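# Architecture and fold: a report
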Amino acid sequence: MNRAEDLEVAGRTVLVRADLNVPLDSGAITDDGRIRASLPTIRDLLARGAAVIVCAHLGRPTGDDYPARAAGGPSLRPVADRLAELLGRPVTLAGDVAGESASVIATTMGAGEAALLENVRFEPAETSKDDQVRGELAGRLAALADMYVGDGFGAMHRKHASVYDTPRLLPHAAGQLVLAEVTVLRQLTTSPARPYVVVLGGAKVSDKLAVIGNLVGKADRLLIAGGMAYTFLAAQGHRIGDSILQADQLGQVTTVLADAARAGVELVLPVDHVVADRFAADARHEVVPGPDIPDGTMGMDIGPATRDLFARKLADAKTVFWNGPPGVFEFPAFAAGTRAVAEAIGAVTGLTVVGGGDSAAAVRHLNLPPDAFTHISTGGGASLEYLEGRALPGLAALEDGT
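In what follows, the accompanying structure is described. On a predicted model such as this, the values are computed, not experimentally measured, just so you know. (Residues numbered from 1 in each chain as written. Predicted model: local features only at pLDDT ≥ 70, side-chain atom pairs only at ≥ 80, totals over all residues. Heavy atoms only, no water.)

### Quick notes on helix H4 (residues 100-108)
Counted only if it meets this: To sort residues, take the accessible area from a 1.4 Å probe on protein chains only and compare it with the maximum for the residue type: under 20% means buried, over 50% means exposed, and anything in between is partly exposed. Put simply, DSSP H or I for four residues or longer makes a helix, DSSP E for two residues or longer makes a strand, and each gets a number counted from the N terminus. Working note: the arc is built from the helix axis to C-beta atom directions.
Within H4, the full set of buried residues consists of Ala102, Ile105 and Ala106. Along the axis of H4, the buried positions cluster into a sector of 100°, meaning they face one direction only. Turned more than 90 degrees away from the buried face of H4 sit Glu100, Thr107 and Thr108, all of them exposed.

### Examining the packing of helix H7 (residues 176-189) against helix H14 (residues 380-388)
Spelled out, the test is: For helices, the fitted line uses only the C-alpha atoms of the stretch in contact; every axis is such a line through C-alpha atoms, and the angle between N-to-C directions lies from 0 to 180 degrees. Should the near helix be turned anticlockwise from the far one by less than a right angle, the crossing is left-handed, and should it be turned clockwise, the crossing is right-handed. Contact definition: two residues touch when any of their heavy atoms are within 4.5 Å. Under the grouping applied here, Gly and all other residues not named as nonpolar or charged are polar, the nonpolar ones being Ala, Val, Leu, Ile, Met, Phe, Trp, Tyr, Cys and Pro and the charged ones Asp, Glu, Lys and Arg.
Where H7 contacts H14, the axes come no closer than 10 Å and their chain directions differ by 35°. Once H7 is placed against H14, the crossing between them reads as right-handed. The residues of H14 that touch H7, namely those facing Val182, Leu185, Arg186, Leu188 and Thr189, are Ser383, Tyr386 and Leu387. Of the residues assigned to the contact of H7 with H14, the class counts are five nonpolar, two polar and one charged.

### Remarks on the sheet that holds strand E12 (residues 272-276)
Put simply, the test is: Two strands are counted as paired when DSSP detects at least two bridges linking them.
Spatially, the three strands line up as an open sheet ordered E13-E12-E14, and their pairing is antiparallel. Unpaired on one side and paired on the other, strand E13 (285-289) and strand E14 (298-302) mark the two borders of the sheet. Mean inter-strand twist for the sheet, computed between neighbouring axes without regard to direction, equals 40°. Looking at chain direction, E12 and E14 are connected through four bridges and run antiparallel. Residue alanine 276 lies in a different strand from E14, and its bridge partner there is methionine 298.

### So, the pattern of salt bridges
Let me state the cut-off plainly: For salt bridges, the criterion is a side-chain nitrogen of Lys or Arg within 4 Å of an Asp or Glu carboxyl oxygen.
Under the defined criterion, the tally for this structure stands at 24 salt bridges. Between arginine 284 and aspartate 277 there is a salt bridge, and its shortest N-O distance comes to 3.9 Å. Among the residues examined, arginine 284 registers a relative accessible area of 54% and is labelled exposed. By relative accessible area, aspartate 277 is classed as partly exposed at 33%.

### Here's the deal with the pairing of strand E10 (residues 221-224)
Cut-off, in case you're wondering: Handedness is read with the strands pointing away from the viewer; a crossover is right-handed when the path from the first strand over the helix to the second is clockwise.
Residues Arg221 and Leu223 line one face of E10 and the alternating positions Leu222 and Ile224 line the opposite face, and both faces are buried. For the segment spanning strand E9 (residues 196-200), helix H8 (residues 209-215) and E10, crossover handedness is right-handed.

### Thoughts on the packing of aromatic side chains
We count it as follows: Pairing of aromatic rings covers Phe, Tyr and the six-membered ring of Trp, with a centre-to-centre limit of 6.5 Å; geometry is then stacked below 30 degrees between planes, edge-to-face above 60, and tilted otherwise.
As enumerated under the stated definition, the model contains two aromatic pairs in all. Consider the rings of tyrosine 66 and phenylalanine 122, whose centres lie 6.0 Å apart with planes at 85°: the pair is edge-to-face. Separated by 56 residues along the polypeptide, tyrosine 66 in helix H2 (residues 66-72) and phenylalanine 122 in the loop between strand E6 (114-116) and helix H5 (131-142) bring together distant segments of the chain.

### Overview of the packing of helix H1 (residues 33-47) against helix H3 (residues 77-87)
The condition is simple: The cut-offs work like this: below 35 degrees is roughly parallel, past 145 is roughly antiparallel, 65 to 115 is roughly perpendicular, and the gaps in between are oblique.
As a packed pair, H1 and H3 sit with axes 10 Å apart at the nearest point and diverge in direction by 60°. Classified by the angle their axes make, H1 and H3 are oblique. Classified by chirality, the crossing of H3 by H1 is right-handed. In contact with Ile35, Arg36, Ser38, Leu39, Ile42, Arg43 and Leu46 of H1, H3 contributes Val79, Arg82, Leu83, Leu86 and Leu87.

### Looking at H5
So the rule is basically this: Residue count minus one, scaled by 1.5 Å, sets the expected span of a helix. In protein, a polar contact means a hydrogen-donor-capable atom and an acceptor-capable atom, both N or O and within 3.5 Å, with residues adjacent in sequence counting only if both atoms are side-chain atoms; elsewhere, any N or O pair within 3.5 Å suffices.
The terminal C-alpha atoms of H5 lie 16 Å apart, and with twelve residues this matches the ideal 16 Å at 1.5 Å per residue to within 8%. Buried within H5 we find Arg134, Leu137, Ala138, Leu141 and Ala142. Down the axis of H5, the smallest arc covering the buried residues is 140°, so these residues share one side. Tucked into the core, H5 has its buried residues touching strand E1 (13-17) and helix H6 (161-165). Between the side-chain oxygen of the N-cap and the backbone nitrogen of glutamine 132 there are 2.8 Å, and the N-cap of H5 in question is aspartate 130.

### Brief notes about the nonpolar core
The condition that has to hold: As used in this record, nonpolar core signifies buried Ala, Val, Leu, Ile, Met, Phe, Trp, Tyr and Cys residues forming a set joined through side-chain atoms within 4.5 Å.
Among the nonpolar cores identified, the biggest contains 73 residues, and Leu117, Ile212, Leu222, Ile224, Phe232 and Phe321 are the most heavily contacted of them. With six residues, the top contributor of residues to this core is H7. Beyond its immediate chain neighbours, meaning those up to four positions away, isoleucine 212 contacts Leu200, Leu222, Ile224, Met228, Phe232 and Val256. Formed by 32 residues, the second largest nonpolar core is a distinct cluster that contains Ala18, Leu58, Leu76 and Leu87.

### Notes on the sheet that holds E1
Pairing in this open sheet of six strands is parallel, and the strands run E5-E6-E4-E1-E7-E8 from one edge to the other. Pairing within the sheet leaves two strands with one partner each, and these edge strands are strand E5 (91-93) and strand E8 (172-174). Here the average twist between neighbouring strands, direction ignored, is 25°. With three bridges connecting them, strand E4 (residues 51-55) and E6 associate as parallel partners. The partner of isoleucine 53 across the bridge, within E6, is alanine 115. Most of the contacts of H3 go to E5, to which it runs at about 170°, and overall it touches E5 and E6.

This is the structure:
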């Protein structure tokens, strides 16, 4: 892939596809990590005399057409305001995605100025399965700029107009964030230093089965926690009480357990739990020794014995990939497992990668030092699909031609 830093951008308008999909609470940004991750590329382009138009999505707007989606939101207004604060310069927010407002801004911008298009998912064509429909939007986006820089790694696994189709219409390159993400993920997939330990959590085992299947035989140990662990425990015949269960995945989980044993991969599951009588921050909770969970209670976090076990299994690692929290870290009573796993990974001497999504959010939510890890990804889904061995459409588009 060409690098954005090598583009001759002075006096040119550059369209940057960033990932600014930040969480909001009543319109306020609760975690600006993705905005901060986009800054190096944007700052570099501005410093070298480019006019920068940023394109991004936010949330999942609903509605059959642009007016309906724009009316329902969410708007990128709070993102534009925060981006301006971090850049230390104004960021003009277009009144549309690739319409009259965006065109006027694009034709009147000067060197070193920045603008942000409205939420690209207000345009139904952005996510259309129809190549021609996406292509029409891509054409309007491409008409706004002279060059395209892809830096939204968190969207690279989507075959969307602004990610896949637009770069094909302009001279294009990869931004600093995308290049950093790909460099790290290549290290995980090509001769990683061993022992190579993968820690997977999160609610749904169905979201992780493909990556587990691809890592069997590549990783030395798989540590499974979070809601997905209960389906694994159920497959082994353990009682899981009222914990989350994907019964339709039991057959596939049983196959994964057998494949791991056959490949000599150590698959480690929780040996105790913190359980509660309901899913709530103030729920009555207790530690249950052993892998079985009583009826009437649900697993909310790994227990102290599992925390110690996981720490021992991580102690000699030279490469670690972590995706998905071991517990409901947003509730203080159930955050100890996530904190313990993060601290054990942070103590590893070697390559440690936090695979985006809720894991990255947990690091920030628990005020853990980000420099304790080699790399914190901005793209949970994109990271997982890369590790599954799947081609990411956004990367394929950036690798295509010049």
